[in-house]
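Remarks on the overall topology
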Amino acid sequence: MHGVLETKGGKDGSRTEPVSEVQLYADRVRVYPKKISGNFRRLKWAILSVCLGLYYLAPWIRWDRGPNAPDQALLIDMTGRRGYFFAIEIWPQEVYYIAGLLMLGAFGLFLATTLAGRVWCGYACPQTVWTDLFMQVERLIEGDRNQRMRLDAQPLSLAKAAKKTLKHAAWLFISFATGGAWILYFGDAPAMVRDVFSGEASVEAYAFIALLTSTTYLLAGWAREQVCTYMCPWPRFQAAMLDGESLVVSYRKHRGEKRGSYKKGASWEGRGDCVDCKLCVAVCPTGIDIRDGLQLECIGCGLCVDACASIMDRVGRPRGLIAFDTERHLRAVEAKTPYRYRLLRPRVLLYSALVVFIALVMGVSLFFRSTAEVHVLRERSPLFVALSDGSIRNDFTVKILNKARDPLDFALEIEGLPAPTIKVIGLEDAGPRPFLPTPGDGVATYRVTLAVPAAALKGEQTEIRFALRASERTKPIKRDTVFLGPRK
Amino acid sequence: MPTKIEKDIVTGTDTTGHEWDGVKELNTPLPKWWVWTFYVTIVWGVGYCIAYPSLPWFKGLLGFSQRAEIAQRMEAAKAQKGPMMERIRASSLEDIRKNAQLFEFARAGGRVVFADNCATCHGSGGAGALGYPNLADDDWLWGGDLTAIHETIAYGIRNADDRSRNSQMPKFGVDGVLSAAQIDDVAEYVLSMSNRASNAQAAARGKPLYADNCVACHGEKGEGNREVGSPRLADQIWLYGGDKAAVVKSIAQSRAGSMPAWAGRFDEATIKMLAVYVHGLGGGE
């Protein structure tokens, strides 16, 4: 609609002079989507309920992790630096799981788009979900399309002001609930709610509530389709994601044209099924005419499919004048060539394979991940210490992360050195196989010194290995490092 | 050159009146949201200038000062560390070592103070340098247990403080106590204690000279004496170098390293933390 070469036509259809300027800026045309019912609308309500239900209620799910651990199923604990997802507990250094989730999301999105166009945009995108909710609230208070248009055209009156105030109050309430629910993911939900309303929550909590309340109110109440058309990058590369076999909302031109108004009982001979009622335009949340073909603004929600189906039912023609269909099919029908829908295309297979692969990698690594992590850092200043009896000492910092709930003693063994003298700073009489106590759900740091006679070293650098094990039954965690000595 | 301002048919806005080769410039007004944001920034800027110190002689109505802010934050940090520092101050060195929490706090705090004040001479990590003792090894001139290290840090070595550790090695060459040849022989004997001598005859000649002049401080077998800070000569660690030239120079001119006293510069707790940190570098006894 915007940015195209437009022609100004006379009312009789005769063309007047073409306007040669490309419109770089267009005033916003208010969209008043009309209420419609149908299969896609029902699906949209169902997905909306699930998404919003999950968002608002998920922080309230409890999950027992034993004492001294939060009992919230979904929790991102910023101060404790832990992420909790039911039985899974993520430490900050395992943030690659988040990267994995994001990749899954991205490839899942590519896959869905390749199969059925921008269904993500039309059904599950938060922008769509909240805008849909806000529109429904608006409809309940101000009435349907025509009433709203009339109301907006009216001069300000008491009734109009009351309606508008009520609408914005309702929007703000939903926005506040949305912003409020957000912070519940970052702390114990019942305590957070209590703190927020008693004024004891942190400044950050209030700031995030304010931020998300205002963005929800502005984006879902005011900006709406403008977000999808102008702010979101996704529509811009939908062309790269789609191919001729993708199901997209399509107007079946071959069936619809030549369009025209229809009087009951008139013949369908020599004309198309489209009765030019413009209901498909009236219900569109982005205000476009799908009969112009696939457009940037189309979010693939299928409400125009529902709209057209209701009209076709009324005029007694088969449904499906507007439907999810493929570009190839439409062309094949026009060219009268045979056509078969192809679901399995290379890109579908590729995206599916990637989704499965990433999910497998994540699943396997999660399943086999160790509950302990060990880091061995060489002391670099000094690189080595010459002792008074001529032996050489190297110092190391051993950091043990114990992700289990119970404290553990890790037995330390050194491989690659002949009988080194092991000392642990802070532990008396560590012995040749010292035990390093590590608190449950915590980190222990030890300075370990190893000394060997200079004669035992074959060169400047000796490869050694730290092996730590929590018990005889578990596999030791091994870390390679080097033992340095003077030049031979 | 401005010519005629006219109305553009398509957009309905005026032109600026400028024309270049037939191309006219539209005078499209700025978007309202932009204009209003701009006005708000001006109002904000004026308010900011009144509230904050904006001119050299004007302190601002809020009385804000970065200097005061940093002082306040330093106070806050001090207050935060206060209870732990008090516990460190009140505990004996041995108690600090036995209490895991105090021990960790002392080592972490000691590391920072060491890096700021001690690393200049002793190197980061206590690696030392020629003439500056390595603090990570097991060789201690004045003692390597917590108490001895603590005393050395607090009062220093050979400085103006009354309590400082003090001793002086005679300048055997400079003062003419021993001849050059005798010094050479003593050096050979000293090196023989750690199996470094190259001339057995000279070492044998040096033995009686050592017994006459050096034993009092360095001991019969070169074991040294921590009471007076005289180094062990029979080990492999040489503060001023272990080759013959360095040993000869040490005997002829003597050595007398110095370290400042820190008792007046740090509070009690900080010195304790330093002692615990240095003790924990690996060589503590």
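These numbers were taken from a predicted model, which means no experiment stands behind them.

1. Side note on the overall build of chain B
Within chain B, the regular secondary structure consists of eleven helices and two strands. Listed N to C, the secondary structure of chain B is β-β-α-α-α-α-α-α-α-α-α-α-α in terms of helices and strands. Whereas a compact globule of 285 residues would reach a radius of gyration of roughly 19 Å, chain B reaches 36 Å, over 25% beyond that. Projected onto the principal axes, the alpha-carbon positions of chain B cover approximately 115 × 55 × 40 Å. Burial statistics for chain B: of 285 residues in total, 28% are counted as buried. Once local pairs closer than 6 in sequence are excluded, the contacts in chain B between residues at least 24 apart make up 55%.

2. Some thoughts on the domain arrangement of chain B
Residue and element names in this part refer to chain B. Each assigned domain of chain B is listed with its residue range as follows: domain 1 (82–164 + 264–279) and domain 2 (180–253). The C-alpha centroid of domain 2 is placed 30 Å from the C-alpha centroid of domain 1. With ten residues of domain 1 in contact, the opposing surface of domain 2 contributes nine residues. Grouping the amino acids of the side of domain 1 that touches domain 2 by side-chain chemistry returns six nonpolar, two polar and two charged.

3. Notes on the sheet that holds strand S1 (residues 74–77) of chain A
All names here are of chain A. A sheet is described by the order of its strands in space; here three strands give the open sequence S1-S2-S3, paired in antiparallel fashion. The open sheet is flanked by S1 and strand S3 (88–90), the only strands paired with a single partner. Averaged over all neighbouring strand pairs, the angle between strand axes comes to 10°, with direction disregarded. Strand direction decides the pairing type here: S1 and strand S2 (residues 82–85), joined by four bridges, are antiparallel.

4. A closer look at the packing of helix H6 (residues 146–155) of chain B against helix H11 (residues 268–279) of chain B
Residues and elements named next belong to chain B. Two elements in contact, H6 and H11, have axes separated by 9 Å at closest approach and are oriented at 125°. As summarised for this structure, H6 and H11 are arranged oblique, according to the angle between their axes. Two packed elements cross with a definite hand, and for H6 against H11 that hand is right-handed. Where H6 approaches H11, its residues Leu146, Ile149, His150, Ile153 and Ala154 are matched on the opposing element by Ile271, Lys272, Leu274, Ala275, Val278 and His279. In terms of residue class, the contact of H6 with H11 is made up of eight nonpolar, two polar and one charged.

5. Things to note about the domain arrangement of chain A
Domain annotation for chain A reports domain 1 (32–369) and domain 2 (372–484). Distance from the C-alpha centre of domain 1 of chain A to the C-alpha centre of domain 2 of chain A: 55 Å.

6. A closer look at the nonpolar core
Judged by nonpolar contacts, the single largest core of 49 residues is most densely connected at Leu274(B) and Ala275(B). Among the elements that take part in this core, H11(B) stands out by supplying eight residues, more than any other. If we ignore the near neighbours within four places in the chain, the residues touching Ala275(B) are Leu93(B), Leu146(B), Ile149(B), His150(B) and Ile153(B). Judged by nonpolar contacts, the second largest core, of 38 residues, contains Leu242(A), Ile290(A), Val305(A) and Cys308(A).

7. Quick notes on the environment of Arg196(B)
Residues and elements named next belong to chain B. By the element assignment, arginine 196 lies in the loop between helix H7 (180–193) and helix H8 (200–213). A count of 15 C-beta atoms within 10 Å places arginine 196 in the partly exposed class. Expressed as a C-alpha distance, the spacing of arginine 196 and glutamine 72, which sit 124 residues apart in the sequence, is 59 Å. Apart from residues no more than four positions distant in its own chain, arginine 196 is found in contact with Leu191 and Gly242.

8. Considerations on helix H1 (residues 32–51) of chain B
The terminal C-alpha atoms of H1(B), which comprises 20 residues, lie 28 Å apart, in line with the 28 Å expected from a rise of 1.5 Å per residue. With zero of its 20 residues buried, H1(B) lies for the most part at the surface.

9. Some words on the pairing of strand S12 (residues 442–452) of chain A
The side chains of a regular strand alternate, residue by residue, between the two faces of the sheet. All names here are of chain A. Across eleven bridges, the pairing between strand S8 (residues 392–402) and S12 is antiparallel. Counterpart to asparagine 394 in the pairing with S12 is leucine 450. Bridge count between strand S10 (residues 421–424) and S12: four bridges; the pairing is antiparallel. Its bridge partner lying in S12, lysine 423 is registered against threonine 449.

Rules used in this analysis
- Residues numbered from 1 in each chain as written.
- Chains lettered and ligands numbered in written order.
- Predicted model: local features only at pLDDT ≥ 70, side-chain atom pairs only at ≥ 80, totals over all residues.
- Helix = DSSP H or I, 4+ residues; strand = E, 2+ residues; numbered from the N terminus.
- Rg over C-alpha atoms; globule rule 2.2 N^0.38 Å.
- Buried ≥ 20, exposed ≤ 12 C-beta atoms within 10 Å, placed from the backbone.
- Contact = placed C-beta atoms within 7 Å.
- Domains from an automatic or database assignment.
- Nonpolar A, V, L, I, M, F, W, Y, C, P; charged D, E, K, R; others polar.
- Pairing = 2+ DSSP bridges.
- Axes fitted to C-alpha atoms, helices over the stretch in contact; angles between N-to-C directions.
- Parallel < 35°, antiparallel > 145°, perpendicular 65-115°, else oblique.
- Left-handed = near helix turned anticlockwise from the far one by under 90°.
- Core = buried A, V, L, I, M, F, W, Y, C linked by C-beta atoms within 7 Å.
- Expected span 1.5 Å × (residues − 1).

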